[in-house]
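Understanding the architecture of this molecule
Chain by chain, the residues run as shown.
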Amino acid sequence: MTDLVGSMRDHGQKAAISIMGRFAYLEANPGNEDRLEPESRYVAIDGNSRLAAAREAGLTTVKVMLDDELGSNPDEILESALVANIHRQDLDHLDEARALDQLLKVHGTQEALAARLHRSQGWVSQRLALLGLTPELQQRLESGEESAELLRRVGNKEPGEQEAHLQRLKEQKAQEDEDRKTRAAERAAQRRLKPGKAEKGRVDTEPTAPGTTQPTDPPTSEEGNQDGVSPDGRNEQPPKPATDGEQLPYLDPERLAAVINRQMDRRSRRRLIALLLQYSEAEDTEPAEPQ
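Residues numbered from 1 in each chain as written. Predicted model: local features only at pLDDT ≥ 70, side-chain atom pairs only at ≥ 80, totals over all residues. Heavy atoms only, no water.

1. A short note on the pattern of salt bridges
Going by this rule: One speaks of a salt bridge when a side-chain nitrogen belonging to Lys or Arg is within 4 Å of a carboxyl oxygen belonging to Asp or Glu. A run of H or I in DSSP becomes a helix once it reaches four residues, and a run of E becomes a strand once it reaches two; helices and strands are each numbered from the N terminus. Categorising residues by exposure relies on relative accessible area from a 1.4 Å probe, with only protein chains included: less than 20% of the type maximum marks a residue as buried, more than 50% marks it as exposed, and the intermediate range marks it as partly exposed.
Within this structure, the stated rule accounts for 11 salt bridges. For Asp 95, the salt bridge is made with Arg 98, and the minimal N-O distance between the two is 2.9 Å. Placement of both Asp 95 and Arg 98 in helix H5 (residues 93–107) is noted, with a separation of 3 residues, approximately one turn of the helix. Given a relative accessible area of 37%, Arg 98 falls into the partly exposed group. Between Glu 146 and Arg 140 there is a salt bridge, with the nearest N and O atoms lying 2.6 Å from each other. On the accessibility criterion, Glu 146 (8% relative accessible area) is buried. Classification of Arg 140 as buried rests on a relative accessible area of 11%. One network of salt bridges, with partners in common, ties together Glu 136, Arg 140, Glu 145, Glu 146, Glu 163 and Lys 170.

Here's what the structure looks like:
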């Protein structure tokens, strides 16, 4: 449908839509008035997909061919009504699947039906799968308790396997959502550690006033800071050894990151980043001490 909409928008309508008058349609097909849109004057017999695409593409006029004799073929009328029904935006998921199942009997294969609807074969297959759900799962779909997105991947399983497969899909989706949040936290932390367009591995410093010198980085434990005293005179504990005996270079962010990357698995690293971000945000919100 997306391709058809794009073609309609870029190149306009090529083939006319076959229609017949409302009165002629009802005369040939009594009892079908409930299938028509209220107050409609014409009925589209062939070209409902093009009509739906034209509406979505924003076309104000369409080419039509009026023929009141078109309604004499019941199968053609049924197909036209079902196709029009499928393109409704408010159609229930199970009603859509039932309409597709009726059309499948007309066209014979999912590939032929997909071509008729200008959809993919996978699109048709996924929606038809809802008809294979157990009555309980169909009821939970209609009530909104379960999503059609997941249930479409369950309907092709054996009835006894569907509930367990649904739970696995839910757990997988929850893990994917958690991973997505963690990646977002990592990107936020990276933006905080690398403001502006700082070079990789460096953080921009504030400009130095004229006549002053830029302070140098404090020495690490391996560069002579062995007495446990920081450059500003505060006592510091010596770095604790890692699990493999390696001294953690707390005052060297790049080397510390390399050690963490070697020692911690991916999940633990992400958790550490999230915690550091929380601590940093908490520090930002603390009131400044009076001078």
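Structure's up, so let's keep going.
2. A look at the packing of aromatic side chains
To keep it simple, the criterion reads: Note on aromatic pairs: the rings of Phe, Tyr and Trp (six-membered ring only in Trp) are paired at centre separations within 6.5 Å, and the planes decide the class, stacked below 30 degrees, edge-to-face beyond 60, tilted for the rest. Charge-over-ring contacts are defined here by two conditions on Lys NZ or Arg CZ: a distance within 6 Å of the ring centre and an angle within 35 degrees of the ring normal.
For the structure shown, the criterion picks out 0 aromatic pairs. Directly above the aromatic system of Trp 123 lies the positively charged group of Arg 119, at a separation of 4.4 Å from the ring centroid.

3. Looking at the nonpolar core
Note the cut-off: Definition of nonpolar core: a set of buried residues of the types Ala, Val, Leu, Ile, Met, Phe, Trp, Tyr and Cys, connected through side-chain atoms within 4.5 Å. Residues are treated as being in contact if the distance between any of their heavy atoms lies within 4.5 Å.
Judged by nonpolar contacts, Leu 94, Ala 97, Leu 130, Leu 133, Leu 137, Leu 141, Ala 148, Leu 150, Leu 151, Val 154, Leu 166 and Leu 169 together constitute the single largest core of 12 residues. Only H5, helix H8 (135–143), helix H9 (148–151) and helix H10 (159–193) provide two or more residues apiece to this core. In terms of residue count, the dominant contributor to this core is H9 (3 residues). The residues touching Leu 169, leaving out its near neighbours within four places in the chain, are Leu 150, Arg 153 and Val 154.

4. Let's talk about a positive patch on the surface
What counts, and what does not: Two distance rules govern patches: like charges are joined within 9 Å, and nonpolar side chains (Val, Leu, Ile, Met, Phe, Trp, Tyr) within 5 Å, applied only to residues with over 30% relative accessible area and no salt bridge. Surface accessibility in these figures is a Shrake-Rupley result with a 1.4 Å probe; residues are shielded only by whichever protein chains are displayed. The charged-residue count follows a simple rule in which Lys and Arg add positive charge and Asp and Glu add negative charge, with His and chain termini not counted at all. Charged side chains are reduced to one point each, which is NZ for Lys, CZ for Arg, CG for Asp and CD for Glu.
A surface patch of positive charge is lined by Arg 183, Arg 187, Arg 191 and Arg 266. Broken down by element, the residue count for the positive patch peaks at 3 residues, all from H10. Mapping Arg 183 onto the fold places it in helix H10.

5. A few points about the pairing of strand S1 (residues 17–21)
Here is the rule we go by: The pairing criterion for strands is at least two bridges between them, as found by DSSP.
Of all 5 residues making up S1, 5 are buried, and the element is well covered by its neighbours. Inspection of the sheet shows S1 paired to strand S3 (residues 64–66) by 3 bridges, in the parallel sense. Looking at S3, one finds that Ile 17 is bridged to Val 64.

6. Points about unusual backbone geometry
In the Ramachandran plot, His 118 falls in the positive-phi region, its phi being about 60 degrees despite a non-glycine side chain. Turning to its location among the elements, His 118 is positioned in the loop between helix H6 (110–117) and helix H7 (121–128).

7. Section: H5
Selection rule: Residue count minus one, scaled by 1.5 Å, sets the expected span of a helix. A 3.5 Å cut-off defines polar contacts: any pair of N or O atoms within that distance qualifies, except that in protein one atom must be a possible hydrogen donor and the other a possible acceptor, and neighbouring residues in sequence count only when both atoms are side-chain atoms.
Between its terminal C-alpha atoms H5 stretches 21 Å, which fits the 21 Å expected from 15 residues at 1.5 Å a residue. Within H5, the full set of buried residues consists of Leu 94, Glu 96, Ala 97, Ala 99, Leu 100, Leu 103 and Leu 104. Where H5 begins, the capping side chain belongs to Asp 92, and its oxygen is found 2.9 Å from the backbone nitrogen of Leu 94. At the exit of H5 stands Gly 108, carrying a positive phi of roughly 90 degrees.

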